[in-house]
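The residues making up each chain are set out below.
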Amino acid sequence: MRFDAASIDGVWVVTPRRHEDHRGVFLEWYRADLLAETAGRELPLAQANISVSARGAIRGIHFADSPPGQAKYVTCVSGAIMDVVVDIRVGSPTFGHWEGIRLDDRERRAVYLADGLGHGFCALTPAATVLYMTSSRYDPGVERALDPLDPAVGIRWPTGDPVLSDRDRAAPTLAELQARDLLPGMHVVPHR
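Notes on the structure in this doc start here. Model, not experiment: these values are computed from the prediction.

Let's talk about the sheet that holds strand β12 (residues 127-134)
Overall, antiparallel pairing links the six strands, which are arranged β1-β2-β10-β7-β12-β5 in an open sheet. Edge positions in the sheet fall to β1 (2-5) and β5 (47-54), since each of these pairs with one other strand and no more. In this sheet, neighbouring strand axes are inclined to one another by 25 degrees on average, regardless of whether the strands run parallel or antiparallel. Of the pairings in the sheet, the one linking strand β2 (residues 11-15) to strand β10 (residues 110-113) comprises four bridges and is antiparallel in character. The residue of β10 that forms the bridge with Val13 is Val111. Against the sheet, helix α1 (residues 32-39) makes contact with β1, β2, β7 (72-78) and β10, and its axis sits at roughly 30 degrees relative to β1, the strand it touches most.

Structural notes on unusual backbone geometry
Residue Pro67 is bonded to the preceding Ser66 through a cis peptide linkage, with omega at -5 degrees. Counting through the fold element by element, Pro67 comes out in the loop between β6 (58-64) and β7. With an omega of 10 degrees, the peptide bond between Pro67 and Pro68 qualifies as cis. Its place among the elements puts Pro68 in the loop between β6 and β7. Although it is not a glycine, Arg108 sits at a positive phi angle of roughly 60 degrees. Along the polypeptide, Arg108 turns up in the loop between β9 (98-104) and β10. Positive phi, close to 60 degrees, is recorded for Asp181, a residue that is not glycine. If you trace the backbone, Asp181 turns up in the segment after α3 (174-179).

Reading guide: rules and limits
- Numbering of residues starts from 1 in each chain and follows the order in which that chain's sequence is written.
- Local features are withheld for residues below a pLDDT of 70 in this predicted model, meaning they are given only at 70 or higher, and side-chain atom pairs are given and counted only at 80 or more; totals for whole chains, interfaces and linings count all residues.
- Only hydrogens and water are removed before side-chain values are computed, so all heavy atoms of the structure are retained for them.
- Two strands are said to pair when DSSP picks up at least two bridges between them.
- Numbering goes from the N terminus for both helices and strands, where a helix is a DSSP run of H or I of at least four residues and a strand is a run of E of at least two.
- Whenever a helix is involved, its axis is fitted only over the stretch in contact; in every case the axis is a line through C-alpha atoms, and angles between N-to-C directions fall within 0 to 180 degrees.
- Working rule for contacts: check all heavy atoms of both residues, and any pair within 4.5 Å makes them a contact.

Right under this line is the structure:
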């Protein structure tokens, strides 16, 4: 298992070691000990989710108030997605920057993102099944959304006609969230 630091502090791309033979493929897609060693903190698991999305569907950008925050470990088990992490931590040197990482059912990579970061994805195939584990359970009282089409963030979604939920379509921009003091500070994620 290889961990590569992304351009945003607190984000790691995890590439599993695949074992293939005439029966198929075996791999470890998550190792708590290796993640803690690499990221410098453990990922307490509170909830696991499965999402199935049609091509062009964008889910997110979502985040939780900090505290409690919500770290995530994400993989795509069927199809392909562009996974997106946005640095929404006020005071971070990469505040407002985003990174897109392709996750699919061939390379079987995963993404770990620490709490305090925004997360979303876009389905690239007719159907994409995403599995993600979180450090805290879903709580609508602390859940927030950032407009995934915010031109100031400028995410280059790989779809001409994005399919959004009503909630995501109505989500505030990064500037609006910052003006309302609804964004986490940089202190949320420890340095590597």
